[in-house]
Amino acid sequence: MGIEWHYIAPGKPTQNGFVESFNSRMRDELLNKTLFFTVRQVRSILACWVDDYNT
């Protein structure tokens, strides 16, 4: 097929701005504001956040 892999260079997060934007938003809107006690709680809260983020 002639497809080659192009990896993001170490220390160069600006090469993939979409993922960096998502990670920053998730950290600011969810992870820094929420104290989790169980894995079930994490899954539930994360599912709600992902639904809100995608819609």
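Quick note: structure is the one above.
Residues numbered from 1 in each chain as written. Predicted model: local features only at pLDDT ≥ 70, side-chain atom pairs only at ≥ 80, totals over all residues. Heavy atoms only, no water.

Just to check I follow, could you spell out the packing of helix 1 (residues 17–31) against helix 2 (residues 39–54) for this structure?
Each packed pair of helices is defined by two parameters, the angle between the axes and the distance between the axes. Running from N to C, helix 1 and helix 2 point in directions that differ by 125°, and their axes come no closer than 12 Å. Between helix 1 and helix 2, the crossing angle belongs to the class labelled oblique. For the crossing formed where helix 1 meets helix 2, the hand is right-handed. Here helix 1 contributes F22, R25, M26, E29 and L30 to the contact with helix 2, which in turn contributes I45, L46, W49 and Y53. (Axes fitted to C-alpha atoms, helices over the stretch in contact; angles between N-to-C directions. Helix = DSSP H or I, 4+ residues; strand = E, 2+ residues; numbered from the N terminus. Parallel < 35°, antiparallel > 145°, perpendicular 65-115°, else oblique. Left-handed = near helix turned anticlockwise from the far one by under 90°. Contact = heavy atoms within 4.5 Å.)

Would you mind going over the packing of aromatic side chains with me for this structure?
The way to describe two aromatic rings as a pair is by their centre distance and the angle between their planes. Throughout the structure, instances matching the rule amount to 3 aromatic pairs. Consider the rings of F22 and Y53, whose centres lie 5.1 Å apart with planes at 75°: the pair is edge-to-face. You can see F22 sitting in helix 1 and its partner Y53 sitting in helix 2, a full 31 residues away along the chain. Overall, the relative accessible area of 30% leaves Y53 in the partly exposed class. Taken together, a centroid distance of 5.1 Å and an interplanar angle of 15° make the contact between W49 and Y53 stacked. Separated by 4 residues within a single helix, W49 and Y53 lie in helix 2, roughly one turn from each other. Looking at W49, the relative accessible area reads 9%, which means it is buried. (Phe/Tyr/Trp six-rings, centres within 6.5 Å; stacked < 30°, edge-to-face > 60°. Buried < 20%, exposed > 50% of the residue type's maximum accessible area, 1.4 Å probe, protein only.)

None of the figures reported here should be taken as evidence of function without further support.
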